[in-house]
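# Reading the structure
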Amino acid sequence: MAKQATLQAIRGMDDVLPQGYSGEVYNSASWTALRRLYCEWVELHGFRYVETPVLESTELFKRTAGETSDIVSKEMYTFEDAGGRSLSMRPEGSASVCRAVVQHGLAASGGDLRLYYVAQMFRAERPQKGRYRQHTQLGLEIFKEADPTADAEAIAILFHFLRRLGLKQVAVQINSVGSPACRPAYREKLVAYLRQHEEKLSEDSRRRLETNPMRVLDSKAPQDAGIVAGAPVIADFLDEECAAHYAGVKAALDALEVPYEENPRLVRGLDYYSKTAFEVTCGTLEGAIKVIGGGGRFDGLIEQIGGPPTEAVGFGSSIERILLALESQGIALPQPDRPKARMAFFDDSTKIEALKLARALREAGIEVEFPYRSRSLTKMMQAANKAGVRFVVIVGGEEWGRGEVLLKDFDGGSQTAMAVGNVAAAILDSHRRSPA
RNA sequence: GCGGGUGUAGCUCAGUAGGUUAGAGCACUGGAUUGUGGUUCCAGGGGUCGCGGGUUCGAAUCCCGUCAUCCGCCCCA
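Residues numbered from 1 in each chain as written. Chains lettered and ligands numbered in written order. Predicted model: local features only at pLDDT ≥ 70, side-chain atom pairs only at ≥ 80, totals over all residues. Heavy atoms only, no water.

## Regarding the pattern of salt bridges
Counting across every chain of the model gives 23 salt bridges. Here Arg 99 and Glu 56 are joined by a salt bridge, their closest N and O atoms 2.7 Å apart. One end of the pair, Arg 99, is in helix H4 (residues 94-103); the other, Glu 56, is in strand E2 (residues 55-57), and 43 residues separate them in sequence. Each member of the pair, Arg 99 as well as Glu 56, carries the same accessibility label: buried. Close ionic contact of Glu 153 with Arg 114 constitutes a salt bridge, the shortest N to O distance being 3.4 Å. A residue pair is termed long-range when its members are at least 10 positions apart, and Glu 153 in helix H5 (residues 148-164) and Arg 114 in strand E5 (residues 113-122) qualify at 39 residues. (Salt bridge = Lys/Arg side-chain N within 4 Å of Asp/Glu carboxyl O. Helix = DSSP H or I, 4+ residues; strand = E, 2+ residues; numbered from the N terminus. Buried < 20%, exposed > 50% of the residue type's maximum accessible area, 1.4 Å probe, protein only.)

## Details of the sheet that holds strand E6 (residues 134-143)
The strand order across the open sheet formed by 8 strands is E1-E5-E6-E11-E10-E9-E7-E8, and the pairing between neighbours is mixed. The sheet is open, and its two borders are formed by strand E1 (48-49) and strand E8 (261-262), each paired with just one other strand. Alignment of E5 against E6, held across 10 bridges, turns out to be antiparallel. From the neighbouring strand, Ala 119 faces E6, where its bridge partner is Gln 137. (Pairing = 2+ DSSP bridges.)

## Focus on a positive patch on the surface
Judged by side-chain charge, Arg 373, Arg 375, Lys 379 and Lys 386 come together as a positively charged surface patch. Along the polypeptide, Lys 386 turns up in helix H13 (residues 377-387). (Patch = residues over 30% accessible without salt bridge, like charges linked within 9 Å, V, L, I, M, F, W, Y side chains within 5 Å. Areas by Shrake-Rupley, 256 points an atom, 1.4 Å probe, with all protein chains shown as cover. Lys, Arg positive; Asp, Glu negative; His and termini not counted. Charge placed at Lys NZ, Arg CZ, Asp CG, Glu CD.)

## Describing the domain arrangement of chain A
Taken domain by domain, chain A consists of domain 1 (28-182 + 238-328) and domain 2 (340-433). Relative to domain 2, the C-alpha centre of domain 1 lies at a distance of 48 Å. (Domains from an automatic or database assignment.)

## Remarks on the pairing of strand E14 (residues 391-394)
Side chains Phe 391 and Val 393 of E14 all project onto a buried face; the interleaved residues Val 392 and Ile 394 project onto the opposite face, where all are buried too. Alignment of strand E12 (residues 340-344) against E14, held across 4 bridges, turns out to be parallel. The residue bridging Ala 341 from the neighbouring strand is Phe 391, located in E14. Pairing geometry for E14 and strand E15 (residues 404-409), over 4 bridges, is antiparallel. Pairing of Phe 391 across the sheet is with Asp 409, part of E15.

## A closer look at the layout of surface pockets
The calculated volume of the second largest pocket comes to roughly 320 Å³. Around the second largest pocket, the lining comprises 16 residues; the ones closest to its centre are Ser 179, Pro 180, Arg 183, Tyr 273 and Ser 274. Those elements that provide at least two residues to the lining of the second largest pocket are helix H6 (183-196), strand E9 (274-282) and helix H10 (301-304). A per-element tally of the lining of the second largest pocket places H6 first, with 3 residues. A class-by-class count of the residues in the lining of the second largest pocket yields 4 nonpolar, 5 polar and 7 charged. (1 Å grid on protein atoms, 1.4 Å probe; cavity = no way out; pocket = protein on both sides within 12 Å on 5 of 7 lines; lining within 4 Å. Points joined across faces, edges and corners; volume = space filled by probe spheres on them. Nonpolar A, V, L, I, M, F, W, Y, C, P; charged D, E, K, R; others polar.)

## As for empty space enclosed by the protein
Tallied over the full model, the rule gives 2 cavities of 30 Å³ or more. Taken as a whole, the largest cavity holds about 70 Å³ of empty space. Every residue lining the largest cavity is listed: Thr 68, Ser 69, Asp 70, Arg 207, Arg 208, Thr 211, Asn 212, Arg 215, Gly 269 and Asp 271. Ranked by the residues each element gives to the lining of the largest cavity, the list is headed by helix H7 (residues 203-211), at 3 residues. Across the lining of the largest cavity, the residue classes break down as no nonpolar, 5 polar and 5 charged. Roughly 60 Å³ of internal volume is contained in the second largest cavity. Taken together, Val 50, Glu 51, Thr 52, Arg 90, Gly 93, Ser 96, Val 97, Tyr 117, Ala 119 and Met 121 make up the full set of residues lining the second largest cavity. Elements with a minimum of two residues in the lining of the second largest cavity: H4 and E5. Of all the elements, E5 adds the most residues to the lining of the second largest cavity, at 3 residues.

So this is what it looks like as structure tokens:
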């Protein structure tokens, strides 16, 4: 029989394992901590959680991200299902959320609508550090609000979230990419300018000149730098509405104490942005993965998928990138502050009593491991030490006969006999007095 | 899609003038200590050296192919 190839995870789609089983950066403890902190933070701003399916009709992303965008043209996982429908795994979050908003009429009544998500995104690109085929985005969207303070608040929520994690060198870049009303005029001027230098542009930029000229501004090719630097700037072409909006965003950012840098060449990879576009970078990361979050306004998106005209602004960030940023600065996320204990018993006579006591301790908010099988006390103690718990609750036959158990505190090594009913309080008290 | 690096134990890695049964540290299991952890000591389990083919008396080592993986570019979060 032929040797079976070892089954392993798909390239670029990684398992996230508990600490001690995998690399320090992506372990499930920091993963869940970051996700929990994000949820708490955005719920504090009145956002509510939405979850949309991983698979959507391919048409959705073609209509929103734009068929010429890199993401849709070459990075989507697309396939046909048994019924011949073309499905795609979501490459980004906003399109799905907008689809759900339209489908369920979430924008039909009431005032603004604030939604957030924590969701895996999929892009068939070459994996490397900080870039994966499956990554997890922290995102949010504000619908039905045209006011620039909404843009500013979205930016501020992300910025202050990162700062509260303890990250330094977090920088915000903003730009206005105009609206369908004023962008065409700029675009014309830009194309005319770029055509003058076409023969000196990189191959990619010449291609984008045809498909999506504003992306040329985003080129990293050294040979394009000089040309891009001399290109017309969109700020000079914004109409009254866009200019006023942009000014409003900046004023609100000032009020929210979000430092920012204006970058007139900032253009996002998705075609649907209007007015505000922004990126958040971390200075202790290198290259393209410096960008740990980005977003902007996409007022036309809901209309593009058949809904009523609906304003929208939001951002997407990345758990992976944030964890890399934290790691680059030696920051550990706070873990739940609970006392941890392990039960010990050395024969089956007290096993069931220990099991019942473990349950009672958990009900009291103590994290308790139960060893399932009796072994020598030495083994029980070794196991408890290895598990990293502070307390061991020893349910021995002798003490149990008197209605007592032994509480061992590894922190200091004291061991005290006490009535069964007092153990939970004793553990909680010791923990409160000197949290490990 | 393009360029480079690396594949030896669960993990991190030694191991080439080709040469007995392939090593270390950590981790794991048992014992010293059958009612008391950490430190220490002793013992043990675990590898078709990524896979396939070739050269050779002999291949982890040399050659070819292949797969996997990491890093960088493009692009993104």
